[in-house]
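Inside the fold
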Amino acid sequence: MKVIDILNRHEVTISFEVFPPKTDDRYAQVEEAARKIAALSPAFMSVTYGAGGGTSANTAAIAADLQNKYGTTVLAHLTCVSSTRAHVAEMIHIYREKGIENIMALRGDIPKEGRSVFDYDHASQLIYDIKSHDSSFCIGGACYPEGHIECESPSEDILHLKEKVDAGVDFLTTQMFFDNNTLYNFLYRIREKGIEVPVLPGIMPITNKRQVARSVSLSGATIPQRFRMMVDRFGDDPAKMKQAGIIYATEQIIDLISNGVTHIHVYSMNKPEIAAGIMNSLSEILR
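A brief structural summary. (Residues numbered from 1 in each chain as written. Predicted model: local features only at pLDDT ≥ 70, side-chain atom pairs only at ≥ 80, totals over all residues. Heavy atoms only, no water.)

Description of helix 10 (residues 238-258)
With 21 residues, helix 10 should cover 30 Å at 1.5 Å per step; its first-to-last C-alpha distance of 30 Å lies within 8% of that length. Within the sequence span of helix 10, burial applies to Met-241, Ala-244, Gly-245, Ile-246, Tyr-248, Ala-249, Thr-250, Gln-252, Ile-253, Leu-256 and Ile-257. Once helix 10 finishes, Gly-260 follows within two positions and takes phi at roughly 90 degrees, a positive value. (Helix = DSSP H or I, 4+ residues; strand = E, 2+ residues; numbered from the N terminus. Expected span 1.5 Å × (residues − 1). Buried < 20%, exposed > 50% of the residue type's maximum accessible area, 1.4 Å probe, protein only.)

Remarks on the packing of helix 9 (residues 225-234) against helix 10
Their axes nearest at 9 Å, the elements helix 9 and helix 10 cross at an angle of 160 degrees. When the axes of helix 9 and helix 10 are compared, the pair comes out roughly antiparallel. For the pair helix 9 and helix 10, the sense of crossing is right-handed. Along the contact surface, helix 9 presents Arg-226, Phe-227, Met-230, Val-231 and Phe-234, while helix 10 presents Lys-240, Met-241, Ala-244, Gly-245, Tyr-248 and Glu-251. Taken together, the residues of the contact of helix 9 with helix 10 sort by class into seven nonpolar, one polar and three charged. (Axes fitted to C-alpha atoms, helices over the stretch in contact; angles between N-to-C directions. Parallel < 35°, antiparallel > 145°, perpendicular 65-115°, else oblique. Left-handed = near helix turned anticlockwise from the far one by under 90°. Contact = heavy atoms within 4.5 Å. Nonpolar A, V, L, I, M, F, W, Y, C, P; charged D, E, K, R; others polar.)

So, the sheet that holds strand 1 (residues 13-18)
Across the sheet, nine strands lie side by side as 7-6-5-4-3-2-1-9-8; this open sheet has parallel pairing. Two strands lie at the open edges of the sheet, namely strand 7 (199-200) and strand 8 (202-203), each paired on one side alone. Where strand 2 (residues 45-47) lies against strand 3 (residues 74-79), three bridges are found, and the strand directions are parallel. In the sheet register, Met-45 faces strand 3, and the bridge partner there is Val-74. Packed onto the sheet, helix 4 (residues 85-97) meets strand 3 and strand 4 (102-106) and runs at close to 170 degrees relative to strand 3. (Pairing = 2+ DSSP bridges.)

A look at helix 7 (residues 180-192)
In this model, helix 7 (13 residues) spans 19 Å end to end at C-alpha, consistent with the 18 Å of a helix rising 1.5 Å per residue. Of the residues making up helix 7, those classed as buried are Asn-180, Thr-182, Leu-183, Phe-186, Leu-187 and Ile-190. Relative to the axis of helix 7, the buried residues are bounded by an arc of 140 degrees and lie together on one face. Exposed residues pointing more than 90 degrees away from the buried face of helix 7 are listed as Tyr-188 and Glu-192. Its buried side turned inward, helix 7 meets strand 5 (138-143), helix 6 (154-167), strand 6 (171-174), strand 7 and helix 10. Capping the start of helix 7 is the job of one residue whose side-chain oxygen sits 3.0 Å from the backbone nitrogen of Asn-181: Asp-179. Remark: Gly-194 follows helix 7 within two positions and exhibits a positive phi of approximately 85 degrees. (Arc of directions from axis to C-beta. Polar contact = N/O pair within 3.5 Å; in protein donor to acceptor, adjacent residues only side chain to side chain.)

Remember, this is a structural readout, not a statement about activity or role.
Here is the structure:
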């Protein structure tokens, strides 16, 4: 099933994300985590992808297993950082052969050694290439409620977002945010600029203290005062912090649903217990 068909429905849905192992010896562990999350019957599951295709084989394998073994709609990631056009064409062929209908097209993180000469500079170019190879794919793209950390202003970021949509994106998923007003303001601004595709809020449950600094450095997300107070109070007790983080994320989701947002994507980080905690808390809402 195509993700856009799910998003065009009116019922509330939750989707989850998993990431493939960087080494083959951890494949069984990740596969088991993905299986447990699939057992929660999410609307779909996305499977991430290492820069330059470092995990490409495992991405394709896990996505195909989720789809074929467990009947889960999958969204396979594809990044263009450090990728050649030939490699991208190969991955498109592999996804097509495995019956995968949905691709999350991303630029990806710049390698630590810095930029080199890539075949792609922007995700919009990758999106255009995918559509050129096979227009039947449903394509997702990323968006940034607080603006991409490399853009000089939110307005510039929205211009680049419009380029992705014009290149053929069917829907967008946001980077993590911890204050829902950030999302509501963002949606208002992009609709004003004529961006009308569905937008899935991306929710990151922060369940240990170390995640906070890393999440902020990667995304540039603002940390609200009540979130800081939660981390200060519970951050040194892993069990309490995990429970508090799940509750905070669930409260975000409930507020989103209350304000008319019907589809939410959760960055579940290969942790079935976190996905289950959220789904159990929303059981009647999702019924």
